[in-house]
Amino acid sequence: MTSSIYDKANAVGKYAAKLIFSVQHEYAAESGSSPSSRARLARMRRDLDGMSPSWMLIGDELFTDWPQDLAEPSDGSPEFDRQVNAVRAVLGLYAVHQQSKRQGVAQPYQKDPSERMTFGRACRELAPDLEQGKGILRRLRVAENAPDFNGTVRAVRALITLMRKTDVQVDYGSLARDLYLVQLADKRGKVFQQWGKDYYCWKPVSAQKQQ
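Residues numbered from 1 in each chain as written. Predicted model: local features only at pLDDT ≥ 70, side-chain atom pairs only at ≥ 80, totals over all residues. Heavy atoms only, no water.

A.B. asks: Even after reading the chapter, I still don't get the overall build of the chain, so can you show me in this structure?
C.D. replies: Looking only at helices and strands, the chain features 10 helices and zero strands. From first element to last, N terminus to C terminus, the chain shows the α and β order α-α-α-α-α-α-α-α-α-α. In terms of overall size, the chain behaves like a compact globule, its C-alpha atoms giving a radius of gyration of 17 Å where 211 residues would be expected to give roughly 17 Å. Per-residue burial for the chain yields a buried fraction of 48% across its 211 residues. Expressed as a percentage of contacts within the chain between residues at least 6 apart in sequence, the contacts between residues at least 24 apart total 71%. Of the accessible surface of the chain, which amounts to about 11,200 Å², a share of 50% is contributed by carbon and sulfur atoms. Measuring between centres, the 31 positive side-chain charges of the chain sit 6 Å from its 25 negative side-chain charges. (Helix = DSSP H or I, 4+ residues; strand = E, 2+ residues; numbered from the N terminus. Rg over C-alpha atoms; globule rule 2.2 N^0.38 Å. Buried < 20%, exposed > 50% of the residue type's maximum accessible area, 1.4 Å probe, protein only. Contact = heavy atoms within 4.5 Å. Areas by Shrake-Rupley, 256 points an atom, 1.4 Å probe, with all protein chains shown as cover. Lys, Arg positive; Asp, Glu negative; His and termini not counted. Charge placed at Lys NZ, Arg CZ, Asp CG, Glu CD.)

A.B. asks: Would you mind showing me how to read the packing of aromatic side chains here?
C.D. replies: Two aromatic rings are characterised by how far apart their centres lie and by the angle between their planes. Enumeration according to the criterion identifies eight aromatic pairs in this entry. Taken together, a centroid distance of 5.4 Å and an interplanar angle of 70° make the contact between Trp 66 and Phe 80 edge-to-face. Within this pair, whereas Trp 66 is found in the loop between α3 (55-63) and α4 (78-98), its partner Phe 80 is found in helix α4, the two being separated by 14 residues in sequence. Note on accessibility: Trp 66 and Phe 80 belong to one class, buried. Feature note: the residues Tyr 15, Phe 63, Trp 66 and Phe 80 constitute an aromatic cluster, connected by ring pairs. (Phe/Tyr/Trp six-rings, centres within 6.5 Å; stacked < 30°, edge-to-face > 60°.)

A.B. asks: Explain unusual backbone geometry to me, please; I cannot follow it from the model alone.
C.D. replies: Negative phi characterises most residues that are not glycine, and trans characterises most peptide bonds. The phi angle at Ser 100 is positive, at roughly 65°, despite the residue not being glycine. Looking at where Ser 100 falls in the secondary structure, it is placed in the loop between α4 and α5 (119-126). Given a relative accessible area of 64%, Ser 100 falls into the exposed group.

A.B. asks: What exactly am I supposed to notice about the pattern of salt bridges here?
C.D. replies: Oppositely charged side chains can form a pair if their charged atoms are brought close together. Using the criterion set out here, one finds five salt bridges in the structure. Glu 79 is paired through a salt bridge with Arg 82; the nearest N and O atoms lie 2.9 Å apart. With Glu 79 and Arg 82 both in helix α4, this residue pair falls three residues apart, about one helical turn. Judged by relative accessible area, which is 12%, Glu 79 ranks as buried. Connected through shared salt-bridge partners, Glu 26, Arg 40, Arg 43 and Glu 61 make up one network. (Salt bridge = Lys/Arg side-chain N within 4 Å of Asp/Glu carboxyl O.)

Nothing here speaks to function; it is geometry throughout.
Right, here's the structure in full:
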């Protein structure tokens, strides 16, 4: 049976989350981060900026355990490129978020969808008061209006950088799924619709605790 676009998107998210938790388990260990985990994070950050020294280096991170339910690495198809773009970008975003933080910033898997810290919800956590969140909303609009995938990722990175100053975690599997879908012209609008819904409808954790 042929996989649907959403099956592929979910597979991308699952694989990205697997890679991220592999790094986070080592970096945020109680005994402290290891030199190898710090080196992996540094490599991911360089790659996001387009400064990775070689695909031969970052390729180990991406392709060693490439899952069978995604496009074959050897086919060079646009579908494979979309999947790589999403996983590569979200690894870099996670690395930016995790930098110099002792606690893990990737939210553990939540079985209940209402408890998942999607990107839109995480952005709302940055400024629970909508009147004080105009800068956050402006950056979200930049992401929505970006002319290409790289522009969207840069705008997302600006928001992730702000999250480093807080304790907010992000469901990076969900974000990888979104970054895959946003590359498809007929799915792009749905991604931003969901981000908008999550941003405006989410009740920030600080408000939940006051109840």
